[in-house]
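Close look at the chain arrangement
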Amino acid sequence: MSTDLPFSSRRSPVLCLHGCVASSQPLASVVGLDILKRGGNAADAAVAIAAALAVTEPCSTGLGGDAFCLFYNGNTGEIRGINGSGHSPRALTLDFLEGLGYSAEAPPSVFDALNVTVPGAPACWCDTVQLFGSQKLSMQEVLSGAVDLAEEGFPVVEVTAYHWTKWVAALGESGKELGGDLLIGGDSPKHGQVFKNTAMAQTIKELGERGKPAFYQGRVAQAIVDVINQNGGVMTLEDLSSHGSEVVSPISTEYKGVRLWELPPNGQGLVALLLLNILENFPQLKAGGHNSSDYIHVFVEAVRLAQTDAFRYLGDPTHVTVPLESLLAKSHSQERAQHISMDRVMERVEPGLLTGSDTVYFCVIDSQGNGCSFVNSTYMGFGSGLVPKDCGFSLQNRGANFSLQRGHINCVAGGKRPYHTIIPALLTDSLTSSEKPQLLAALGVMGAFMQPQGHIQVLLNMVEFGMNPQQALDAPRVFVQYDDKTDQWLVNLEEGIDQEVAVELRRRGHRVNWPVTAVPPTSLLSFLVPQSLFSPVQLLRRLPVVVT
């Protein structure tokens with residue numbers, strides 16, 4: 001009898017009876033589980049994890065970033081969302097930037113203080129607990145695990161130490177430096193070093209005690225404004241105090257008996273839905289086999305079409321009109337699908353603005369059947385690298401995603417939210433019946449413009465190819481990205497996809513980067529840190545309970 005396991009990581013799917021969490025950091029997952037054990041629900045646990053990750057992975061996330069939440073109510077089947085992204089300062093207009101000599105061809109450095117937008121994560125945490133939480137635990141109790149980690153310290157794991165060092169170096173190469181609260185003796189912490197952050201502990205403690213005013217008014221707000229203005233930014237106390245989360249109705253589409261739920265713009269969840277709608281027009285998608293040349297060819301071409309539509313129409317709906325109904329109509333996807341030929345790559349599809357990202361995604365399903373899909377990010381590692389005095393966190397640089405092209409749908413403007421890459425997702429059964437939708441999975445991907453592509457690949461792995469969650473995460477991935485240096489699209493194929501597939505894709509006209517492997521093998525880290533194009537995925541799948 002064969003002893004081969006049907007998943008390459010040699011990790012079997014984890015099965016639980018009374019709730020489960022999935023995050024990128026074991027210490028954060030433990031904090032979330034503790035909340036469930038104390039009577040909290042999925043929303044409470046998600047916020048606890050968000051805060052714990054802000055402590056343990058500040059090179060990816062934190063209080064100075066943005067957050068988005070999707071919540072499934074196990075009792076009613078209702079799905080609601082929170083857009084926790086922040087706006088640009090009101091003074092940050094295109095005229096102002098052009099007056100400083102900046103243009104679409106010569107924008108500010110991505111790490112510039114001008115790219116700091118209002119941090120939306122703290123408000124999103126508070127609103128998630130207030131709107132969706134169990135009401136059994138106070139905000140102080142929800143955040144207590146993160147406070148303990150920050151006060152007592154934690155050993156830095158190898159992957160986090162690698163990214164911590166990488167982003168400190170990236171800031172240095174751009175003439176910037178990371179605030180001292182996030183360093184040990186001026187250096188990034190090494191693998192195994194215990195890192196304490198008493199300044200962040202105090203900030204989180206105050207957020208738990210006084211809620212949103214503790215962050216958006218008073219000591220912390222003044223420190224944020226001071227460090228931004230000292231470095232050439234234009235944020236004001238009014239920009240911070242006027243911030244609020246937006247409670248939204250998710251958007252969705254059906255695919256072969258399941259429904260994928262995403263948050264509406266300004267986030268790019270729309271891309272995942274457009275992509276899925278286009279792929280629905282190719283019933284032969286499964287025939288060639290998983291990651292075959294036909295499968296990848298169709299997937300790549302569909303990504304190019306979906307991404308192009310998003311870059312053309314996706315912006316902040318409070319500033320521009322986003323034609324969601326027209327874009328999500330099946331007739332639109334049918335028309336777009338007709339552009340795809342099985343024999344040859346499309347000659348040209350208009351691209352949009354692309355840049356990098358760092359993010360954390362995590363999800364929780366509790367014993368009541370509630371599901372919370374949550375994503376939090378400071379963008380590009382530590383974001384701007386600016387750390388407000390005695391606050392312990394860095395400020396995001398989401399404004400780097402604005403365009404400085406006048407008339408562009410994502411053109412910079414005062415009080416505007418940029419095109420946002422971080423997106424949580426939920427999967428339910430079809431809505432064809434009158435009963436409430438049944439939660440099937442909570443899922444998400446870290447990694448900027450890879451995220452909608454990752455959502456759909458994980459979904460197809462399960463729906464089309466019958467993979468279990470661990471197999472779906474282990475399977476080699478494809479990432480389609482626009483190369484602005486060559487004005488062409490690049491197809492990145494992860495290690496594990498056959499060379500013959502890469503050769504055939506090149507024959508059809510694709511530019512292919514194969515194989516995309518781990519970092520250079522200088523240590524055991526080569527087995528632990530994947531190429532940054534392909535970021536980790538978290539997935540919780542809800543199975544029917546069988547009692548015997």
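Rules of the game
The numbers attached to residues start from 1 for each chain and follow its sequence in the written order. A pLDDT threshold of at least 70 governs which residues receive local features in this predicted model, and a stricter bar of 80 or more applies before side-chain atom pairs are shown or counted, although totals over entire chains, interfaces and linings include all residues. The basis for the side-chain values is all heavy atoms of the structure; hydrogens and waters are excluded. Along the chain, pLDDT gives the predictor's confidence residue by residue, from 0 to 100. Every residue pair with non-hydrogen atoms within 4.5 Å of one another is taken to be in contact. A run of DSSP states H or I qualifies as a helix once it reaches four residues; a run of E qualifies as a strand once it reaches two. Both are numbered from the N-terminal end. What qualifies as a polar contact is a pair of N or O atoms within 3.5 Å, subject to a donor-acceptor requirement within protein and to the restriction that residues adjacent in sequence count only when both atoms come from side chains. Two strands make a pair as long as DSSP finds a minimum of two bridges between them. The axes used here are C-alpha line fits, helices contributing only the stretch in contact, and every angle between their N-to-C directions lies in the interval 0 to 180 degrees. Buried, partly exposed and exposed residues are distinguished by accessible area as a fraction of the type maximum, computed with a 1.4 Å probe on protein chains only: under 20%, between the cut-offs, and over 50%, respectively. Small angles under 35 degrees read as roughly parallel and large ones over 145 as roughly antiparallel, with 65 to 115 read as roughly perpendicular and the rest as oblique. What makes a crossing left-handed is the near helix being turned counterclockwise from the far one by less than a right angle; a clockwise turn instead makes it right-handed. Residue type decides the class: Asp, Glu, Lys and Arg count as charged, Ala, Val, Leu, Ile, Met, Phe, Trp, Tyr, Cys and Pro as nonpolar, and the leftover types, Gly among them, as polar.

1. Considering the confidence of the model for the protein
- Of all residues in the protein, 91% have pLDDT values of 70 or greater, and the mean over the chain is 91.
- Ignoring residues within four places in sequence, the model shows residues 351-356, a span with pLDDT below 50, making 23 contacts including any to other chains.
- Note that residues 519-531 has pLDDT below 50 and, in this model, 20 contacts with residues that lie over four places away or in other chains.

2. Quick notes on the environment of D239
- Looking at the element boundaries, D239 is found in helix 10 (residues 237-241).
- It is 12 Å that separates the C-alpha atoms of D239 and R417, two residues lying 178 residues apart in sequence.
- Setting aside chain neighbours within four positions, we find D239 in contact with P89, R90, V118 and V234.
- Looking at D239, its side chain comes within polar contact range of the main-chain nitrogen of R90, at 3.1 Å.

3. Thoughts on the sheet that holds strand 15 (residues 511-516)
- Spatially, the three strands line up as an open sheet ordered 13-14-15, and their pairing is mixed. Of all the strands in the sheet, just strand 13 (478-483) and strand 15 have a single pairing partner and so form its edges. Geometrically, the sheet is characterised by an average inter-axis angle of 25° between neighbouring strands, direction not taken into account.
- Strand direction decides the pairing type here: strand 14 (residues 488-494) and strand 15, joined by four bridges, are parallel.

4. A short note on unusual backbone geometry
- Look at the link from W514 to P515: it is a cis peptide, with omega at -10°.
- Within the secondary structure, P515 sits in strand 15.
- The backbone of Q135 sits at a positive phi, close to 70°, despite the residue not being glycine.
- Position of Q135 among the secondary structure elements: in the loop between helix 4 (121-132) and helix 5 (139-152).
- Judged by relative accessible area, Q135 falls into the exposed class, the value being 57%.
- Positioned with a positive phi, K256 is a non-glycine residue whose angle comes to about 50°.
- Secondary-structure assignment places K256 in the loop between strand 7 (251-255) and strand 8 (258-262).

5. Section: the sheet that holds strand 9 (residues 360-366)
- A sheet is described by the order of its strands in space; here six strands give the open sequence 1-9-10-2-3-6, paired in antiparallel fashion. In the strand order of this sheet, the two ends are held by strand 1 (19-22) and strand 6 (246-248), each with one partner. In this sheet, neighbouring strand axes are inclined to one another by 10° on average, regardless of whether the strands run parallel or antiparallel.
- The sheet strands contacting helix 2 (residues 42-56) are strand 1, strand 2 (66-72), strand 9 and strand 10 (371-377), and the helix crosses strand 9 at an angle near 155°.

6. A short note on the packing of helix 11 (residues 269-279) against helix 12 (residues 293-313)
- Two numbers describe how helix 11 lies on helix 12: the axes approach to 9 Å, and their chain directions differ by 135°. Here helix 11 is positioned oblique relative to helix 12, judged by the angle of their axes. The handedness of the crossing between helix 11 and helix 12 is right-handed. Along its contact with helix 11, which presents V271, L274, L275, I278 and L279, the element helix 12 presents V298, F299, A302, V303, L305, A306, Q307, D309 and A310.
- Its residues placed into classes, the contact of helix 11 with helix 12 shows 12 nonpolar, one polar and one charged.

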